[in-house]
Amino acid sequence: WPGLQALIGHVEDGARLFRAFQSVRRRHGFLPEVFDSLKLAEHPVQNGYPLRPEMLESAFFLFAATGEDLYLAEGLEFMASLRAAGRSRCGYSGIGSVRTMEADDSSESFFFSETLKYLWLLEQGRNGTSLVDEAVFSTEGHLFPPRGPAPEAPDDPPPQCRSLCHGG
């Protein structure tokens, strides 16, 4: 995902991939669950959007790396699509098909724990990106305080690891 590329310092590669994903998202309103990049078409069956966070997560980490407003705009565009197609009487629903934009009467827990968190962080602009230096983000979008620098690997591994580390 583009956000992971930004985190490891491959910001330009992440930005390029983000723009490709963004063109698909703009075309459909959301990223379909499966997309054929050779045919430039969504999957005939798996074409829904279950409110996944990865696009917003990538926008957040790319904004933190670059400060470019286009990543904040992605959050606003996503919210407009979500309000138009995913809003239900009691909250938000996944999209059953990006072709028809019909809601599928489901709302996954990651929508609340991750998607909305990254949307909120994008809304905070620079205030939200300070968390990148102050916390460690888990794969589930949870924030943990850093424990300090990682310990250095020993020059001589313990005997039980020697065969794994040195092949004998």
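These figures come from a predicted structure and were not determined experimentally.

**Overview of the packing of aromatic side chains**
Okay, so step 1: Applying the stated rule across the entire model yields 10 aromatic pairs.
Okay, so step 2: Measuring from centroid to centroid gives 4.9 Å for Trp1 and Phe21, while their planes differ by 50°, and the two rings are tilted. Linking Trp1 in the segment before helix H1 (2-7) with Phe21 in helix H2 (residues 11-28), this pair joins segments that are 20 residues apart in sequence.
Okay, so step 3: These aromatic residues form a ring-pair network of at least three members: Phe30, Tyr49 and Phe78.
Okay, so step 4: Just above the ring of Tyr92 sits the side chain of Arg87; from NZ or CZ to the centre is 5.0 Å.

**Notes on the packing of H2 against helix H3 (residues 54-66)**
Okay, so step 1: Closest axis-to-axis distance for the H2/H3 pair is 11 Å, and the angle between their directions is 140°. When the axis of H2 is compared with that of H3, the two are oblique. Considering the relative orientation of H2 and H3, their crossing is left-handed. Taking contact as the criterion, the partners of Val11, Gly14, Ala15, Phe18, Phe21 and Gln22 in H2 are, on H3, Met55, Ser58, Ala59, Leu62, Ala65 and Thr66.
Okay, so step 2: Tallied by class, residues from the contact of H2 with H3 come to 8 nonpolar, 4 polar and no charged.

**Some details on the layout of surface pockets**
Okay, so step 1: Approximately 340 Å³ is the volume attributed to the largest pocket.
Okay, so step 2: Every residue lining the largest pocket is counted, 19 residues in all, and those nearest its centre are Trp1, Phe21, Leu31, Pro32 and Glu33.
Okay, so step 3: Listing elements by their share of the lining of the largest pocket, those giving two or more residues are H2 and H3.
Okay, so step 4: No other element matches the 5 residues that H2 contributes to the lining of the largest pocket.
Okay, so step 5: Classifying every residue of the lining of the largest pocket gives 13 nonpolar, 2 polar and 4 charged.
Okay, so step 6: By volume, the second largest pocket amounts to about 230 Å³.
Okay, so step 7: Surrounding the second largest pocket, 16 residues form its lining, Leu4, Glu57, Tyr118, Ser138 and Thr139 being those nearest its centre.
Okay, so step 8: Among the elements of the structure, H1, H3, helix H5 (109-123) and strand E5 (136-137) are those that each provide at least two residues to the lining of the second largest pocket.

**Describing the confidence of the model for the protein**
Atomic detail in the predicted coordinates should be set aside for any region of low pLDDT.
Okay, so step 1: Taken residue by residue, the protein gives an average pLDDT of 85. The fraction at 70 or more is 89%.
Okay, so step 2: When pLDDT is averaged over each helix and strand of the protein, the minimum, 58, is found for helix H7 (residues 159-166) and the maximum, 94, for H3.

**Focus on the environment of Leu31**
Okay, so step 1: Here Leu31 is to be found in the loop between H2 and strand E1 (35-36).
Okay, so step 2: Of the residues examined, Leu31 reaches a relative accessible area of 14% and is grouped as buried.
Okay, so step 3: On a C-alpha basis, the gap between Leu31 and Val98 in space is 7.9 Å, while along the polypeptide they are 67 residues apart.
Okay, so step 4: Ignoring any residue separated from it by four or fewer positions in sequence, one finds Leu31 in contact with Trp1, Phe21, Val24, Arg25, Gly48, Tyr49 and Met55.

**Focus: the side chain of Ser58**
Okay, so step 1: Looking at the secondary structure, you find Ser58 in helix H3.
Okay, so step 2: Residue class for Ser58 comes out buried when judged on its relative accessible area of 1%.
Okay, so step 3: Setting aside residues up to four positions removed in sequence, Ser58 forms contacts with Trp1, Pro2, Gly3 and Phe18.

**Side note on the nonpolar core**
Okay, so step 1: Residues Phe30, Tyr49, Phe60, Tyr71, Phe78, Leu82 and Tyr118 are the most contacted members of the largest nonpolar core, which totals 30 residues.
Okay, so step 2: Contributing elements (two or more residues each) for this core: H2, H3, helix H4 (69-86) and H5.
Okay, so step 3: If one sorts the elements of this core by residue count, H3 sits on top with 7 residues.

**Considerations on the pattern of salt bridges**
Okay, so step 1: Using the criterion set out here, one finds 6 salt bridges in the structure.
Okay, so step 2: A salt bridge links Glu74 to Arg25; the nearest nitrogen and oxygen atoms lie 2.5 Å apart. Note that Glu74 is positioned in helix H4 and Arg25 in helix H2, a separation of 49 residues in sequence. Just as Glu74 is buried, Arg25 falls in that class too.
Okay, so step 3: One salt bridge connects Glu77 with Arg25, and the closest N-O pair in it is separated by 2.5 Å. With a gap of 52 residues between them, Glu77 in helix H4 and Arg25 in helix H2 connect regions that are remote in the sequence.
Okay, so step 4: By relative accessible area, which is 26% here, Glu77 ends up partly exposed.

Calculation notes
- Residues numbered from 1 in each chain as written.
- Predicted model: local features only at pLDDT ≥ 70, side-chain atom pairs only at ≥ 80, totals over all residues.
- Heavy atoms only, no water.
- Phe/Tyr/Trp six-rings, centres within 6.5 Å; stacked < 30°, edge-to-face > 60°.
- Helix = DSSP H or I, 4+ residues; strand = E, 2+ residues; numbered from the N terminus.
- Lys NZ or Arg CZ within 6 Å of the ring centre and 35° of its normal.
- Axes fitted to C-alpha atoms, helices over the stretch in contact; angles between N-to-C directions.
- Parallel < 35°, antiparallel > 145°, perpendicular 65-115°, else oblique.
- Left-handed = near helix turned anticlockwise from the far one by under 90°.
- Contact = heavy atoms within 4.5 Å.
- Nonpolar A, V, L, I, M, F, W, Y, C, P; charged D, E, K, R; others polar.
- 1 Å grid on protein atoms, 1.4 Å probe; cavity = no way out; pocket = protein on both sides within 12 Å on 5 of 7 lines; lining within 4 Å.
- Points joined across faces, edges and corners; volume = space filled by probe spheres on them.
- pLDDT = per-residue confidence, 0-100.
- Buried < 20%, exposed > 50% of the residue type's maximum accessible area, 1.4 Å probe, protein only.
- Core = buried A, V, L, I, M, F, W, Y, C linked by side-chain atoms within 4.5 Å.
- Salt bridge = Lys/Arg side-chain N within 4 Å of Asp/Glu carboxyl O.

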